[in-house]
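Examining the three-dimensional arrangement
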Amino acid sequence: QPKTVEQVASILGTVLEGHEFEALPQDQQMARAVDLFHQHRILMVWDNYESVLPAFDGATGYPADERARIQALLQEIQASAIHTMTGARARCAA
């Protein structure tokens, strides 16, 4: 089931901060999730990552604009102390 970038931020923030994160207004959750990633050393494992890649446009249920927003969030949090391991079941042309 495709997730919106807001849902991704909510999931990540809840994992790092607990259920009090969910009480934040949605417009504050994105910034707080990014802040949390900058405060902690994290290994994030994202399986089925190909579902948000442009090469799989239309095949995964993610609209292009939502994929771009998710990729932008991932790039923003990767600027912190995060290490990301992605997994994919399908090959993507480089």
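Owing to the predicted nature of the structure, the values given are computational and were not obtained by experimental measurement.

**Some thoughts on the confidence of the model for the chain**
Averaged over every residue, the pLDDT of the chain is 78; residues scoring 70 or more account for 73%. Looking over the chain, one finds the lowest element-wise mean pLDDT in strand S2 (residues 82–86), namely 61, and the highest in helix H1 (residues 5–17), namely 89.

**What to know about the nonpolar core**
In terms of nonpolar packing, the biggest core is built from 19 residues, with Met44, Trp46, Ile70, Leu73 and Ile77 touching the most fellow members. Those residues in contact with leucine 73 that sit more than four places away from it in its chain are Val5, Val8, Ala9, Met30 and Val34.

**Brief notes about the environment of histidine 38**
Mapped onto the fold, histidine 38 is located in helix H2 (residues 26–39). Exposure remark for histidine 38: the relative accessible area of 41% places this residue in the partly exposed category.

**Topic: the packing of H1 against helix H3 (residues 64–78)**
One way to put it is that H1 packs onto H3 with a least axis distance of 9 Å and a crossing angle of 35 degrees. Facing H1, whose interface residues are Val5, Glu6, Val8, Ala9 and Leu12, H3 presents Glu66, Arg69, Ile70, Leu73 and Ile77. Grouping the constituent residues of the contact of H1 with H3 by class yields seven nonpolar, no polar and three charged.

**Focus: the environment of histidine 40**
By the element assignment, histidine 40 lies in the loop between H2 and strand S1 (42–46). As for histidine 40 and leucine 16, which are separated by 24 residues in sequence, their C-alpha atoms are 8.8 Å apart.

**So, H2**
End to end, H2 covers 20 Å across 14 residues, agreeing with the expected 20 Å (1.5 Å per residue, within 8%). What H2 keeps buried is the set Gln29, Ala33, Val34, Leu36 and Phe37. Taken end-on, H2 shows its buried residues confined to a sector of 155 degrees, consistent with a single buried face. Turned more than 90 degrees away from the buried face of H2, the exposed residues are Asp27 and Gln39.

**Considering the pattern of salt bridges**
Evaluated as defined, the whole model comprises three salt bridges. Put simply, glutamate 6 and arginine 69 hold a salt bridge, and the shortest N to O gap is 2.3 Å. Here arginine 69 lies in helix H3 and glutamate 6 lies in helix H1, a separation of 63 residues in the sequence. With its nearest N and O atoms 3.1 Å apart, the salt bridge here joins glutamate 66 to arginine 69. Pair noted here: glutamate 66 and arginine 69 are both in helix H3, with a separation of three residues, about one helical turn. Take arginine 69: its relative accessible area is 34%, and that puts it in the partly exposed class. If you follow the salt bridges from partner to partner, you end up with Glu6, Glu66 and Arg69 in one network.

Parameters and conventions
- Note that residues are indexed from 1 along each chain, following the sequence as it is written.
- Reporting in this predicted model follows two pLDDT cut-offs: at least 70 for local features of residues, and 80 or more for side-chain atom pairs to be given and counted; totals over whole chains, interfaces and linings ignore these cut-offs and use all residues.
- Where side-chain values are given, they derive from all heavy atoms of the structure, hydrogens and water being excluded.
- You can read pLDDT as the predictor saying how much it trusts each residue, on a scale of 0 to 100.
- In this text, helices come from DSSP runs of H or I with a minimum length of four residues, and strands from runs of E with a minimum of two, each type numbered from the N-terminal end.
- Nonpolar cores were defined as sets of buried Ala, Val, Leu, Ile, Met, Phe, Trp, Tyr and Cys residues, with membership established by side-chain atoms within 4.5 Å.
- Exposed residues in this analysis have more than 50% of their type's maximum accessible area, buried residues have under 20%, and partly exposed residues fall in between, with area computed by a 1.4 Å probe over protein chains only.
- Note on contacts: a residue pair qualifies if any of its non-hydrogen atoms lie within 4.5 Å across the two residues.
- Interaxial angles span 0 to 180 degrees and are taken between N-to-C directions of axes, which are lines fitted to C-alpha atoms, for helices over the stretch in contact.
- By the convention adopted, Pro, Cys, Tyr, Trp, Phe, Met, Ile, Leu, Val and Ala count as nonpolar, Lys, Arg, Asp and Glu as charged, and the other residues, Gly among them, as polar.
- The length a helix should cover is 1.5 Å for every residue beyond the first.
- Taken from the helix axis, the directions to the C-beta atoms give the arc we talk about.
- A pairing counts as a salt bridge when a side-chain nitrogen of Lys or Arg comes within 4 Å of a carboxyl oxygen of Asp or Glu.

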